[in-house]
Number of protein chains: 2
Amino acid sequence: MLSQKILDELKKIVGPDNVATDRQDLICYGYDATQMEFLPDAVVHPGSTDEVAAVLKLANAAKFPVFPRGAGSGFTGGALPKGGGVVLVVTRLNRILRIDTENLIAEVEPGVVTEQFQQEVEKLGLFYPPDPASLKFSTLGGNVAENAGGPRCVKYGVTRDFVMGLEVVLPTGEIIRTGGETYKGVVGYDLTRLLCGSEGTLGVITKIIFKLLPLPEAKKTMLTIFDSIDGAAKAVSTIIGNKIIPTTLEFMDYATLQCVNKRFSLGIPDNGRAVLLIEVDGDRDLIEKQATRIQELIKPLGLVECKIAKDAAESEALWKVRRLVSPSLRDVNPDKFNEDIVVPRSKVPDVIRVIEKIQQRYDIPIVNFGHAGDGNIHVNVMIDKSVPGQEEKAHKAIAEIFQAALDLNGTMSGEHGVGLAKQPYIHLELKPAQVAAMQAIKQALDPNNILNPGKMFPVGQQCAPE
Amino acid sequence: MLSQKILDELKKIVGPDNVATDRQDLICYGYDATQMEFLPDAVVHPGSTDEVAAVLKLANAAKFPVFPRGAGSGFTGGALPKGGGVVLVVTRLNRILRIDTENLIAEVEPGVVTEQFQQEVEKLGLFYPPDPASLKFSTLGGNVAENAGGPRCVKYGVTRDFVMGLEVVLPTGEIIRTGGETYKGVVGYDLTRLLCGSEGTLGVITKIIFKLLPLPEAKKTMLTIFDSIDGAAKAVSTIIGNKIIPTTLEFMDYATLQCVNKRFSLGIPDNGRAVLLIEVDGDRDLIEKQATRIQELIKPLGLVECKIAKDAAESEALWKVRRLVSPSLRDVNPDKFNEDIVVPRSKVPDVIRVIEKIQQRYDIPIVNFGHAGDGNIHVNVMIDKSVPGQEEKAHKAIAEIFQAALDLNGTMSGEHGVGLAKQPYIHLELKPAQVAAMQAIKQALDPNNILNPGKMFPVGQQCAPE
């Protein structure tokens, strides 16, 4: 519990209306997309960088933990206040400070919602490609902290590739600027990229300078259905091997197709075993040429059907198949563990085959879809937690799935991070010397272990609130 | 001086033929492109990662500094053994381990020469874009350690954007792997990008996994001459504002033109005040269209002449103008300080104007050229060191040039780094809290301050060789 004195200090810093301790408020900021739940002792809503800094200085003086939080849409518990303490919500810092059309950069506060930012830059003919599935509610600060991805990363890269500079409150409460307004810049260590994906453990992001691109002139969407996973996977490497890097190469396996088809009757042919949703964007003439070439290339690979959108409405209809995946999954089982392994692109069929075996062995439905272009597969282990033993089985299956990805030179997570959810498995991927180096960096920047303690990997002892 | 015992230990680790202590050998590894010189006590040439690790373990036990070195082509002294110690040369580790055409990745050792790597991947239809001017002799390990750039970065990004994973020997001698073979990967802190540009102070890179691209189908080169710097700068933002991101947008100012024209009589028109060398690459039809559009866009901006290469030979002839810049500079004055400031693209004319004033005030010739597409200007302060007072004047002028870049929201260095050369100015760009955070990271990973001590910013006391 936080003492009344600390609560009073917090109220002095952010204003009494911006400190919450009522149980209903604590509940609202105690969960995320993992379905885990931990109640904080207080929730603060700072309105400026200086207020964030003052909260962290107080936390260091009084030794209570602080958990930064955007929209709480994370899949690994990165924002959850395990052990109690103060949740620091950045959603009041939600201004787009400027969009510079001449230098193709934008400066924003961390609480701006991803999609809102995309829409604003697109009005000016510019483009911010990273598109995590949560973009309608996730915040840009959270996107940077987790190094969010999305379907368009195969062509454009991940959030990190668009972050040029940050304003950050370090765990000690010091305010620093990293990087800047120029894409090139090599003065000092690259704290900008160290902060990207550090899951809120090394600093609270209070401003972000993003690199933007010119908005592509046009796009073309194709829904392609194959008679085998190997065909779909081969299509991915064939397209890229022929110098076409599509904007998206979204993959859905047979289990996914069955789910969606059953619920929404989309008319997927019976011999369809895998779907690739392919989109190309750019110059209008070029993408026409690319679409034609893609059809030629994939025809011999067991192509069952290829629907090409003629306009935006038809494109939207094709994307519907992909968007309906998540709502359909609950028909399989009520609870899901959504993992996001990555393997080198050519190894996608191999990892799917291993997952099929794991599914048979544990007798749990596993549904796979995701970003085949960069080998990033969302593996959904579907269980019913009310059935005794299912959750335990799921954890065992997940450990084997992670190991399968690692055995194929992949990683346990391409987008979601470690947080709390993947901690039990981190030793599978990171060797002790790697973890020790990361812990040393954490300790160097957060000597009192104040900021988001206990996340990613354990560092020292988490301090208890007074 | 290193004791005989340590020298014997070093010989045991790397073999007696791979330890040099003769004066002529020490001289060879005591300089770089800065013209600074510091003699090491010994030079070792390890032949494996394990040997690198053993040298660093010995260094930690016996407390002597180790300075990693590639080709020694750096412009800021990052590889120089100031204070003495052991230079650890990685050029024996020079194998391209594999090029994976299916997953578009390559794994190399750090001593591979940049251009050689580019040629090898191009034979397979692949593309490694980063192209520092030193690419004929610089090594990939050095490129990563300095986060090297080059003309093509405006479209493709810097070295960091192509590094997917590393094998690194930490300063303590521990061997770790960072990142991996997948572009997405968010398990743990991003040590890969922290290492990129850390100038050999946080680890010795022993293997690199690079991301590759498909080789563009074709390219088109245009040499465009403008009657003012503003016209050339406006051309840059107009082209990009019209959704064309050229591969290169190389800029040369009037002083540069005069130099080249005087020596090589290239027939630059009298009213030519600035040159842009523009190259586009990609789909053959698309680049034709882009070249036509670029001509339309830049015509009203004071275009004096526009030469378009019809084939590779003509392209090479146009590039000659750019390549002749460096050899021509020595006609101005025998000694140069080559700085590489960056400003937001739209601020290039502003910074050039400030530099002109600085040049007048100090009465030193300053020649500017570089990568206008990303605002990265190479500012060459040309002096004759044998004239008393000129060097001092140059340093004062450089400090003002850096400040001018910073005042325009730029940076002191886009490609060269800090090393020793920019240390006196680092406080202009980095605030004490930023430097403190970087020092804390350095101390966390290199508690004995063994690896490349005294570089970038001072950390503790450099230990003296026994």
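Residues numbered from 1 in each chain as written. Chains lettered and ligands numbered in written order. Predicted model: local features only at pLDDT ≥ 70, side-chain atom pairs only at ≥ 80, totals over all residues. Heavy atoms only, no water.

For the rest of this paragraph, the subject is the pairing of strand S9 (residues 175-179) of chain B. In summary, the side chains of a regular strand alternate between the two faces of the sheet. Residues and elements named next belong to chain B. Pairing geometry for strand S8 (residues 163-169) and S9, over five bridges, is antiparallel. The residue bridging Gly 165 from the neighbouring strand is Gly 179, located in S9. Between S8 and S9, which pair antiparallel in sequence order, lie five residues; one of them, Gly 173, sits at a positive phi of approximately 95°. (Pairing = 2+ DSSP bridges. Helix = DSSP H or I, 4+ residues; strand = E, 2+ residues; numbered from the N terminus.)

Residue and element names in this part refer to chain B. Its location among the elements puts Asn 452 in the segment after helix H16 (432-445). Asn 452 gets classed as buried once you look at its relative accessible area, which sits at 1%. In this structure the side chain of Asn 452 is engaged in a polar contact, spanning 2.8 Å, whose partner is the backbone oxygen of Gly 78. In this structure Asn 452 touches Val 66, Phe 67, Pro 68, Gly 78, Glu 199, Gly 200 and Thr 201, once residues within four positions along its chain are discounted. (Buried < 20%, exposed > 50% of the residue type's maximum accessible area, 1.4 Å probe, protein only. Polar contact = N/O pair within 3.5 Å; in protein donor to acceptor, adjacent residues only side chain to side chain. Contact = heavy atoms within 4.5 Å.)

For the rest of this paragraph, the subject is the pairing of strand S6 (residues 105-108) of chain A. Residues and elements named next belong to chain A. The alternating pattern of S6 places Ile 105 and Glu 107 and Ala 106 and Val 108 on opposite faces, both of which are buried. Examined bridge by bridge, strand S5 (residues 96-100) and S6 share four bridges and lie antiparallel to one another. Looking at the pairing, Arg 98 lines up with Glu 107 of S6. Taken together, S5 and the strand that follows it, S6, pair antiparallel across an intervening segment of four residues, in which Leu 104 is found at a positive phi of about 55°. Bridge analysis of S6 against strand S10 (residues 204-211) gives four bridges, and the strand direction is antiparallel. Bridging across to S10, Ala 106 finds its partner in Phe 210.

As a further point, take the interface of chain B and chain A. A common measure of how large an interface is: the accessible area buried when the components associate. At the interface, 81 residues of chain B touch 81 residues of chain A. A combined buried area of about 6400 Å² lies between chain B and chain A, and 63% of that area is made up of carbon and sulfur atoms. Where chain B meets chain A, there are 10 salt bridges. We note a salt bridge from Glu415(B) to Lys184(A), for which the minimum N-O separation is 2.8 Å. The tally of links from chain B across to chain A stands at 29 residue pairs in polar contact (both at pLDDT 80 or more). (Buried area = accessible area lost by both parts, 1.4 Å probe. Salt bridge = Lys/Arg side-chain N within 4 Å of Asp/Glu carboxyl O.)

Moving on, we get to the environment of Arg273(B). Residues and elements named next belong to chain B. Its place among the elements puts Arg 273 in the loop between helix H9 (254-264) and strand S14 (274-282). You can call Arg 273 partly exposed: its relative accessible area is 31%. For Arg 273 and Val 304, which are 31 residues apart along the polypeptide, the C-alpha to C-alpha distance reads 9.2 Å. For Arg 273, the residues in contact, after removing those within four places along its chain, are Phe 226, Asp 227, Ser 228, Met 252, Asp 253, Tyr 254 and Leu 257.

All right, on to the sheet that holds strand S16 (residues 335-342) of chain B then. One key point about sheets: their strands pair by backbone hydrogen bonds, in either a parallel or an antiparallel sense. Residue and element names in this part refer to chain B. Taken in spatial order, the seven strands line up as S15-S12-S14-S13-S17-S18-S16 in an open sheet, and their pairing is antiparallel. Edge strands, defined here as strands with exactly one partner in the open sheet, are strand S15 (303-308) and S16. Geometrically, the sheet is characterised by an average inter-axis angle of 15° between neighbouring strands, direction not taken into account. The pairing of strand S13 (residues 248-252) with strand S17 (residues 366-371) spans three bridges and is antiparallel. Counted as the bridge partner of Phe 251 is Gly 370 from S17. (Axes fitted to C-alpha atoms, helices over the stretch in contact; angles between N-to-C directions.)

Turning to the pattern of salt bridges, a few remarks are in order. Here the structure, examined in full by the defined rule, presents 53 salt bridges over all chains. In this structure, Glu107(B) engages Arg177(B) in a salt bridge whose closest nitrogen and oxygen atoms are separated by 3.2 Å. A residue pair is termed long-range when its members are at least 10 positions apart, and Glu107(B) in strand S6 (residues 105-108) and Arg177(B) in strand S9 qualify at 70 residues. Taking relative accessible area as the criterion, Glu107(B) reaches 8% and is therefore assigned buried. Among the residues examined, Arg177(B) registers a relative accessible area of 35% and is labelled partly exposed. Three or more residues joined by partner-sharing salt bridges are found here, namely Arg98(A), Glu107(A), Arg177(A) and Glu181(A).

Before going further, it helps to examine helix H13 (residues 348-362) of chain B. In an α-helix, one turn spans 3.6 residues; hence positions three or four apart end up facing the same way. All names here are of chain B. Helix length check: H13, at 15 residues, gives a terminal C-alpha distance of 21 Å against a target of 21 Å (1.5 Å per residue), a fit within 8%. Every buried residue belonging to H13 is among Val 348, Pro 349, Val 351, Ile 352, Ile 355, Ile 358 and Tyr 362, and all of these are buried. Tucked into the core, H13 has its buried residues touching helix H8 (229-241), S13, S16, S17, strand S18 (376-383) and helix H14 (390-407). Looking at the residues trailing H13, positive phi occurs at Asp 363, about 55°. (Expected span 1.5 Å × (residues − 1).)

What follows covers the domain arrangement of chain A. Residues and elements named next belong to chain A. Parsing chain A into structural domains produces domain 1 (96-214), domain 2 (218-327) and domain 3 (333-426). The C-alpha-based centres of domain 1 and domain 3 are spaced at 28 Å. Of the residues lining the interface, eight residues belong to domain 1; the matching set on domain 3 comes to eight residues. Carbon and sulfur atoms make up 42% of the surface buried where domain 1 meets domain 3, a total of about 550 Å² over both sides. Of all residues in domain 1, the largest losses of buried area upon contact with domain 3 belong to Glu 146, Val 154 and Glu 199, amounting jointly to 57% of the total for that side. Joining domain 1 to domain 3, the criterion identifies zero salt bridges. For the interface between domain 1 and domain 3, the tally reads three residue pairs in polar contact (both at pLDDT 80 or more). Class assignment of the residues belonging to the side of domain 1 that touches domain 3 gives a composition of three nonpolar, three polar and two charged. (Domains from an automatic or database assignment. Nonpolar A, V, L, I, M, F, W, Y, C, P; charged D, E, K, R; others polar.)

What follows deals with the environment of Thr206(A). All names here are of chain A. For Thr 206, the position within the fold is in strand S10. Distance from Thr 206 to Thr 247, taken between C-alpha atoms, is 30 Å for residues 41 residues apart in sequence. Aside from chain neighbours lying at most four places away, what touches Thr 206 is Thr 49, Val 52, Glu 109, Pro 110, Glu 167, Val 168 and Val 169. Within the structure, Thr 206 has its side chain in polar contact with the side chain of Glu 167 (distance 2.7 Å).

Our focus in this paragraph is the relation of the copies chain B and chain A. The two copies are related by a screw operation: chain B maps onto chain A through 180° of rotation and 0.0 Å of translation along the axis, at an RMSD of 0.0 Å. In the structure described here, the two chain copies are related by an operation that fits a two-fold rotation axis. (Least-squares fit on C-alpha atoms with pLDDT ≥ 70 in both.)

Turning to the UniProt feature "domain: FAD-binding PCMH-type" (unreviewed entry) in chain A, a few remarks are in order. In the UniProt entry, the feature "domain: FAD-binding PCMH-type" (unreviewed entry) is given for residues 36-215 of chain A. Secondary structure over residues 36-215 of chain A splits into 22% helix and 24% strand, and the C-alpha atoms at its two ends are 39 Å apart. (UniProt positions renumbered as here; feature names shortened; annotations may be inferred.)

What follows deals with the environment of Asp283(A). Considering the arrangement of structural elements, one finds Asp283(A) in the loop between strand S14 (274-282) and helix H10 (284-298). Separated by 65 residues in sequence, Asp283(A) and Ala218(A) place their C-alpha atoms 6.4 Å apart. Those residues in contact with Asp283(A) that lie beyond four places of it in its chain are Glu217(A), Leu286(B) and Lys289(B). For Asp283(A), the side chain forms a polar contact with the main-chain nitrogen of Asp285(A), separated by 3.2 Å. One polar contact links Asp283(A) to Lys289(B), side chain to side chain, over a distance of 2.7 Å.

This part is about the packing of helix H8 (residues 229-241) of chain A against helix H13 (residues 348-362) of chain A. All names here are of chain A. It is at 9 Å that the axes of H8 and H13 come closest, and there the two elements cross at 155°. In terms of orientation, H8 lies roughly antiparallel with respect to H13. When the axes of H8 and H13 are compared, the crossing they make is right-handed. Between H8 and H13, the residues in contact are Ile 229, Asp 230 and Ala 233 and Pro 349, Ile 352, Arg 353 and Glu 356, respectively. Residues that form the contact of H8 with H13 fall into these classes: four nonpolar, no polar and three charged. (Parallel < 35°, antiparallel > 145°, perpendicular 65-115°, else oblique. Left-handed = near helix turned anticlockwise from the far one by under 90°.)

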